[in-house]
Amino acid sequence: MAKLYVNPNVKKGHINPELQGHFSEHLGRCIYEGIFVGENSQIPNENGMRTDVVEALKEIQVPVLRWPGGCFADEYHWMDGIGPKEKRKKMINTHWGGVVEDNSFGTHEFMELCRQLGCKTYINGNLGSGTVQEMSEWVEYMTFEGVSPMADLRKQNGHEEPWRVDYFGVGNENWGCGGNMRPEYYGDLYRRYQTYVRNYNSDRPVAKIACGASADDYHWTDKVLETTFDHGWGFMNGMSLHYYTVPSGNWQKKGSATDFDEKEWYRTLKGTLKMEELIRRHGAIMDQYDPQKKIGMIVDEWGTWYDVEPGTNPGFLYQQNTMRDALVAGINLNLFNKNCDRVKMANIAQMVNVLQAVILTDGDRMVKTPTWHAFNLYKFHQDAELVESSVETVETGLEEGFMIPNLSESVSLGKDGRLHVTLTNASLTDAADIQAIFSETRVKSVKAAVLTGSMKAHNTFDTPDTVHAQEFTDLTVNGNQVSFTAPACSVMHLEVEI
Ligand code: AHR
């Protein structure tokens, strides 16, 4: 029997809703088809946004959306995407699939999408191939309320009021697709560009995000901070981190999304657990400069990256999504919660039809993936207080070097006054008997849900409901304890009334 200890009286930090954020790039069928179909589409839509997709995203309470990239961001010139649609430039999306980008989804459309979702906005600016003036004017266009050339242009284009930009990324992957820079050089450019990302409204400031490292490039984190850090507070509110889970660890042959064996299952989950080490080690470097943790770690790209589905455009990064992805999501979301003192936002890549998507579409059809269902179980942590917890684990796996702890958990005290426990069981064979012990309290009642299935189980357009969460009632409450069995290959949520 594994003991799960929870101490509701020890608060460990605030879980920003943004830890369950999303990312949407002009890549493949994420924006076009997946979200935006245009006002004249046969597919039901509101101002061009698919109603079915927006409804499904609202259900998981998308807290923040990052846009327009990704690598696309450092090639994006925002003025191409404003004004009358028929006059907007048509161009080739050279980075992703070589298809025509007609710029019909631009700043106004993104803001409309966020309005419909009721989420915060995270715009990623172009530092790689754009000018300081261009970045500065975009911020002015979006957020300035008074009289100015850009505010006037926005009004001419039909939006009188400024929008709220909650987060602004000053470049993306500038060590790679965003300009192949060295960290010292990027650090200097960051200092310059961010100066002109003006805060026009003191009551709704724009949080500035610097481009952080890829995976375990600790040198990047250190040198960017060293270059920028004499600059005083307010110059940087967050620093990004990108880490993708690639089952084989080989970018040339990553592995299939649905056709994999048990060894690959454990290799994938071992790979995803590296996130813990990355947060710890990048966090330790950040602590040297910023011991008060004022700068958030922003994991604004994470998730699985497989070989594309056979027969699809390799540049579209379209992949299916199984119970393995649900486990990846559950493990990472637990990790983000547990590190909420430093991790202030995380954005799964990507929201629809790209990489570890929560939604897949095909024409007018849509499915919620196992990852969507995992997010739906975890949404109760948004805006909650992390409480102290730990769980006893055993090693599970099939190969030396790829053994992993069977269980992961996190627990929060929600605004609803309930404790929310999320738990993953990564073992493919062994259910785990759990005795949850809530110290110094009495458990009044528990409601629970479980997401489970075979490792390759997934939802298709013909069978959209194969994987879905189910109510879980097989729990015994006794005083301050709750006993239950977590099935093999499962993600669970317990709502505990105390
Ligand atoms: O999410 C796909 C790509 O992965 C993004 O465009 C880029 O930032 C990263 O390399």
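Here's what I pulled together on the structure shown here. (Residues numbered from 1 in each chain as written. Predicted model: local features only at pLDDT ≥ 70, side-chain atom pairs only at ≥ 80, totals over all residues. Heavy atoms only, no water.)

Notes on the overall build of the chain
Filter applied, for reference: Note on conventions: DSSP H or I runs of at least 4 residues are helices, E runs of at least 2 residues are strands, and numbering of each starts at the N terminus. Our radius of gyration is a C-alpha quantity, and the globule rule it is checked against amounts to 2.2 Å times the number of residues to the power 0.38. Whether a residue is buried, partly exposed or exposed follows from its accessible area with a 1.4 Å probe, protein chains only, as a fraction of its type maximum: under 20%, in between, or over 50%, in that order.
The number of helices and strands found in the chain is nine helices and 26 strands. Its C-alpha radius of gyration of 22 Å places the chain within 12% of the 23 Å reference for a compact globule of 498 residues. Its C-alpha atoms put the chain at 65 × 50 × 40 Å along the principal axes. Out of the 498 residues belonging to the chain, those deemed buried represent 60%.

Details of the packing of aromatic side chains
Counted only if it meets this: Here is the rule: rings of Phe, Tyr and Trp (six-membered ring for Trp) pair when centre to centre is within 6.5 Å. Planes less than 30 degrees apart are stacked, more than 60 are edge-to-face, and the remainder are tilted. As a reminder, the over-ring test applies to NZ of lysine and CZ of arginine, requiring each to be within 6 Å of the ring centre and within 35 degrees of the ring normal.
Evaluated as defined, the whole model comprises 23 aromatic pairs. Residue placement shows R29 over the ring face of Y318; its charged tip is 5.0 Å from the ring centre. A cation sits over an aromatic face here: K368 above W372, 4.4 Å from the ring centre.

Notes on the pairing of strand β1 (residues 2-14)
Applied cut-off: Any two strands with at least two DSSP-identified bridges between them are counted as paired.
Sheet analysis places β1 next to strand β21 (residues 432-438), joined by five bridges and oriented parallel. In the strand pairing of β21, A2 is matched with I434. Pairing geometry for β1 and strand β16 (residues 385-391), over seven bridges, is antiparallel. By the bridge assignment for β16, H14 is matched with E385.

Quick notes on the sheet that holds β21
In plain terms, the rule: Simply put, an axis is a line fit to the C-alpha atoms, just over the touching stretch for a helix, and the angle between two N-to-C directions goes from 0 to 180 degrees.
Reading across from one edge, β23-β22-β26-β20-β19-β16-β1-β21-β25-β24 is the order of the 10 strands in this open sheet, with mixed pairing throughout. Either end of the sheet is taken by a strand with one partner, and the two such strands are β23 (470-472) and β24 (476-478). The sheet shows a mean angle of 25° between the axes of neighbouring strands, direction not considered. Of the pairings in the sheet, the one linking strand β22 (residues 445-452) to β23 comprises three bridges and is antiparallel in character. Directly across from A448, in β23, lies its bridge partner F472.

Focus on the sheet that holds strand β10 (residues 207-214)
This is how the line gets drawn: In what follows, a contact means two residues having at least one pair of non-hydrogen atoms within 4.5 Å.
As summarised here, the arrangement of the eight strands in space is β2-β5-β8-β9-β10-β11-β12-β13, forming a closed barrel in which the pairing is parallel. Taken pair by pair, the neighbouring strands of this sheet meet at an average axis angle of 30°, ignoring direction. Strand direction decides the pairing type here: strand β8 (residues 120-125) and strand β9 (residues 167-170), joined by four bridges, are parallel. Residue G125 lies in a different strand from β9, and its bridge partner there is V170. Helix α8 (residues 323-338) contacts β11 (238-245), β12 (296-304) and β13 (343-349) of the sheet and is inclined by roughly 170° relative to β12.

Regarding the nonpolar core
Note the threshold: Among buried residues, those of type Ala, Val, Leu, Ile, Met, Phe, Trp, Tyr and Cys that are joined through side-chain atoms within 4.5 Å constitute a nonpolar core.
Ranked by size, the top nonpolar core spans 118 residues in total, and within it F168, Y186, W302 and F336 carry the most contacts. Residues within four places of F336 in sequence aside, it is in contact with L19, M275, I279, V299, W302, V343 and A346.

Quick notes on the site of the ligand
Heads up, the condition is: One heavy atom within 4 Å of a molecule or strand is enough for the residue carrying it to be called near that molecule or strand. Here a polar contact is taken to be a pair of N or O atoms separated by no more than 3.5 Å, where protein atoms must pair a possible hydrogen donor with a possible acceptor and residues adjacent in sequence count only if both atoms sit in side chains. Here the Shrake-Rupley method, with its probe set to 1.4 Å, supplies the accessible areas, and only the displayed protein chains count as covering residues. All amino acids are sorted into three groups, where Ala, Val, Leu, Ile, Met, Phe, Trp, Tyr, Cys and Pro are nonpolar, Asp, Glu, Lys and Arg are charged, and the leftover types, Gly among them, are polar.
Within the structure, the ligand sits among 13 residues, and E25, C71, E173, Y244 and E301 are positioned closest to it. Between E25 and the ligand, the recorded distance is 2.7 Å, taken from a side-chain N or O atom to an oxygen atom. Burial of the ligand by the protein amounts to 94% of the accessible area it has alone, namely 280 Å². Grouping the constituent residues of the shell around the ligand by class yields seven nonpolar, three polar and three charged.

Considerations on unusual backbone geometry
Looking along the chain, the bond that leaves W67 and enters P68 is cis, with omega of 10°. Counting through the fold element by element, P68 comes out in the loop between β5 (64-67) and β6 (91-92). The residue after G69, namely G70, is reached through a cis peptide bond having omega 15°. At C489, a position not held by glycine, the phi torsion is positive, near 55°. Within the secondary structure, C489 sits in the loop between β25 (481-486) and β26 (490-497). Residue class for C489 comes out buried when judged on its relative accessible area of 3%.

Some remarks on the pattern of salt bridges
What counts is decided by this rule: One side-chain nitrogen of Lys or Arg within 4 Å of one carboxyl oxygen of Asp or Glu is enough to make a salt bridge.
Enumeration according to the criterion identifies 31 salt bridges in this entry. The residue R182 makes a salt bridge to E184 at a minimum N-O spacing of 4.0 Å. You can call E184 partly exposed: its relative accessible area is 30%. Of the charged contacts, one joins D290 and R342 as a salt bridge, the two residues approaching to 2.8 Å between their closest N and O atoms. With D290 in the loop between α7 (262-289) and β12 and R342 in the loop between α8 and β13, this pair connects stretches of sequence that are 52 residues apart. Here D290 matches R342 in class, with each residue buried. Here the salt bridges share partners, and the residues they tie into one network are E39, K85, R88 and E109.

Description of the side chain of D300
As for its placement among the helices and strands, D300 is situated in strand β12. Classification of D300 by relative accessible area gives buried; the value is 1%. In this structure, D300 is in contact with F23, R66, Y122, I209, S240, L241, H242 and N347, ignoring residues within four places of it in sequence.

Description of the pairing of β11
Summarising burial for β11: eight of the eight residues are buried, a large majority. Of the two faces of β11, the one carrying G238, S240, H242 and Y244 and the one carrying M239, L241, Y243 and T245 are both buried. Pairing between β10 and β11: four bridges, direction parallel. From the neighbouring strand, S214 faces β11, where its bridge partner is H242.

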